Amino acid sequence: MTAAPTLVVHNIGALVTCDPTHGEPGIVSDAMLVASGSEIIYAGRGRGALFPSPSADVVDIDARGAAVIPGFVDAHTHIAWLGDRSGEYAARAAGATYEEIARDGGGIRRTVQSTAAGTVEEVSAAVAARARRMLEHGTTTVEVKSGYGLELGAEMRQLDAALAVAGGDDMPDVVTTYLPLHSLPEGDREEFLAEVCGPGVREAAARARFCDVFCEEGAFTVDECRRVLVAAQRAGLAAKVHAEQRTNSGGARMAAALGAVSADHLEHADADDLRALADAGVTGVLLPGAALVLGGPPPPGGRLLAAGATVAVATDCNPGTCFSESMPLMVSLAVATAGLTPAQALVAATSGGAAALRLADRGMLRAGLRCDAVILQTNQWIDVAYHLGANPAGTVIRAGHVVASGGGVPAR
Ligand code: NIG
Ligand code: FE
């Protein structure tokens, strides 16, 4: 160890590394975690003897036997929105479907109306409030999509609003995604697509890493989505697809053929779709909160793993189908509804999320990676999945620095 330590977490009962070289979920007992700056320089057995007298400039934390996990990587969210759709939630409970509400002028279009008119500062304040709640639940990296701007300038403002939050000391790391095909355009469809494929992807390439599309009956066709994603890839954006959420529409096979980074939702994917994703190295992103709220089949977590695919779990936090900032809740739902074991779900919410964002520097606790970690308020890591609706996150460490400290200890 040549670099000087700047952060030491000792007396860890269970260091859950999510590193497959240690098994699944890769537990090291009686462990310590050491960082120098933003990087892990040691993650393994030890009681602090390596650092008998930490100097004043080393932050030294006694975990008191608690479990420590990697920070969650929430790889699919729509948190850049303004306005309120709680009425639709009640209407669906009373029998209206998501599609009926959209046909009546509600749904994504309603959020476009309230968001597109907002300034960068207004949207950014909304992103910051939600991102902060995510951090307090243990999320150290969050992906944020546009998709509520529709018109090009408003889409860029949404991306700028998300970027304004990135880098904040009290915020998760932010990764942005341009989602131009989400709400249907009101004017000429061909003109809209041509603008997205030209100036849209060019301007987005300066603000985002990914381009996403909503491939679905009543939204955009496979041909339209392919055309936009090919243009996006040429502009340097990597592809993501909302696929097979409400019907089997061909989005997953298109994602595989284009070499997309991820295909997300997948509730209506069949065995051939899942095999195609696995063969093409496309990460399958499960969004069990949205599946639960909308009803219908559960996300195919167990089936994706059996097909050999990498699996991620994310919140999909948005005003229509899943208003939740909590990755621990999504881990619980992935176990209860999507066929994952608690260990598989935790790995999917950390290293799986990193794969869905092509971030090779995080998602596991291993020397050389970023020190993004959560000291839980329990010595049983399984509580992340087992204790439904609780917030097990205690101290949250992002890039080697303490950025949040949890409240009361969740009872057991
Ligand atoms: O991932 N499926 C499309 N987009 C979101 C819902 C967005 C909304 O209803 O505002 C989703 O579920
Ligand atoms: Fe989504």
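Think of each chain on its own: its residues are numbered from 1, step by step along the sequence as written. The lettering of chains begins at A and the numbering of ligands begins at 1, in the order of writing. Confidence filtering applies because this is a predicted model: local features only for residues at pLDDT of at least 70, side-chain atom pairs given and counted only at 80 or more, and all residues used for totals across whole chains, interfaces and linings. Calculation of side-chain values draws on the structure's entire complement of heavy atoms; hydrogens and water are dropped beforehand.

1. A word on the nonpolar core
Link 1 in the chain: Ranked by size, the top nonpolar core spans 99 residues in total, and within it Y178 and L277 carry the most contacts.
Link 2 in the chain: Buried residues of nine kinds, namely Ala, Val, Leu, Ile, Met, Phe, Trp, Tyr and Cys, make up a nonpolar core once their side-chain atoms join them within 4.5 Å. Only protein chains enter the accessibility calculation, which uses a 1.4 Å probe; a residue whose area is less than 20% of its type maximum is buried, one above 50% is exposed, and one in between is partly exposed. Counting residues in each nonpolar core, the second largest holds 19 residues, with V28, I40, I61 and A66 among its members.

2. Considerations on the site of ligand 1
Link 1 in the chain: Around ligand 1 there are 15 residues in total, and R85, Y98, Y148, Q245 and T321 lie nearest to it.
Link 2 in the chain: Two N or O atoms count as a polar contact when they lie within 3.5 Å, although within protein this holds only if one can serve as hydrogen donor and the other as acceptor, and sequence-adjacent residues are included solely when both atoms are side-chain atoms. With respect to ligand 1, the side chain of R85 contributes an N or O atom lying 2.8 Å from an oxygen atom.
Link 3 in the chain: For ligand 1, an oxygen atom lies 2.4 Å from a polar atom in the side chain of Y98.
Link 4 in the chain: Only the protein chains shown count as covering a residue, and every accessible area follows the Shrake-Rupley method with a 1.4 Å probe. In isolation ligand 1 offers 330 Å² of accessible surface; the protein chains occlude 100% of this area.
Link 5 in the chain: Residue polarity follows a fixed list, in which Ala, Val, Leu, Ile, Met, Phe, Trp, Tyr, Cys and Pro are nonpolar, Asp, Glu, Lys and Arg are charged, and the others, Gly among them, are polar. Of the residues belonging to the shell around ligand 1, the class tally is 4 nonpolar, 9 polar and 2 charged. If a single non-hydrogen atom of a residue is within 4 Å of a molecule or strand, that residue counts as near it.

3. Considering the pattern of salt bridges
Link 1 in the chain: For this document, the term salt bridge refers to a Lys or Arg side-chain nitrogen within 4 Å of an Asp or Glu carboxyl oxygen. Taken as a whole, this structure holds 20 salt bridges when the rule is applied.
Link 2 in the chain: Notably, a salt bridge pairs E99 with R246, separated by 2.7 Å at the nearest N-O pair. In this pair, E99 is assigned in helix α2 (residues 98-103) and R246 in the loop between β10 (238-243) and α8 (251-258), connecting sequence segments 147 residues apart.
Link 3 in the chain: For E99, a relative accessible area of 28% translates into the label partly exposed.
Link 4 in the chain: Residue classification places R246 among the partly exposed positions, given a relative accessible area of 22%.
Link 5 in the chain: The partner of E186 in a salt bridge is R109, and the shortest N-O contact between them spans 4.0 Å. Of this pair, E186 sits in the loop between β8 (173-181) and α6 (189-205) while R109 sits in helix α3 (residues 108-116), and the two are 77 residues apart along the sequence.
Link 6 in the chain: Residue E186 is classed as exposed on the basis of its relative accessible area of 63%.
Link 7 in the chain: The partly exposed category is assigned to R109, whose relative accessible area is 30%.
Link 8 in the chain: Residues participating in the shared-partner salt-bridge network are D173, D361, R362, R370 and D372. Numbering of helices and strands runs from the N terminus, with a helix taken as a DSSP run of H or I at least four residues long and a strand as a DSSP run of E at least two residues long.

4. Examining the pairing of strand β9 (residues 210-214)
For a regular strand, side chains alternate in direction, first toward one face of the sheet and then toward the other.
Link 1 in the chain: Burial analysis of β9 places 5 of its 5 residues in the buried class, the great majority of the element.
Link 2 in the chain: Of the two faces of β9, the one carrying F210, D212 and F214 and the one carrying C211 and V213 are both buried.
Link 3 in the chain: We call two strands paired when DSSP finds no fewer than two bridges between them. Where β8 meets β9, 3 bridges bridge the pair, whose relative direction is parallel. Counterpart to T177 in the pairing with β9 is F210.
Link 4 in the chain: When the strands point away from the viewer, a crossover counts as right-handed if the route from the first strand across the helix to the second turns clockwise. Tracing the backbone out of β8, into α6 and back to the parallel element β9 gives a crossover that is right-handed.

5. Re unusual backbone geometry
Link 1 in the chain: With an omega of 10 degrees, the peptide bond running from E24 to P25 counts as cis.
Link 2 in the chain: Unusually for a residue other than glycine, L150 sits at a positive phi of about 70 degrees.
Link 3 in the chain: If you trace the backbone, L150 turns up in the loop between β7 (139-145) and α5 (152-165).
Link 4 in the chain: Judged by its relative accessible area of 18%, L150 is buried.
Link 5 in the chain: The phi torsion at R358 lies on the positive side, around 50 degrees, for a residue other than glycine.
Link 6 in the chain: When you line up the elements, R358 lands in the loop between α13 (342-356) and β14 (373-376).
Link 7 in the chain: With relative accessibility at 55%, the residue R358 sits in the exposed group.

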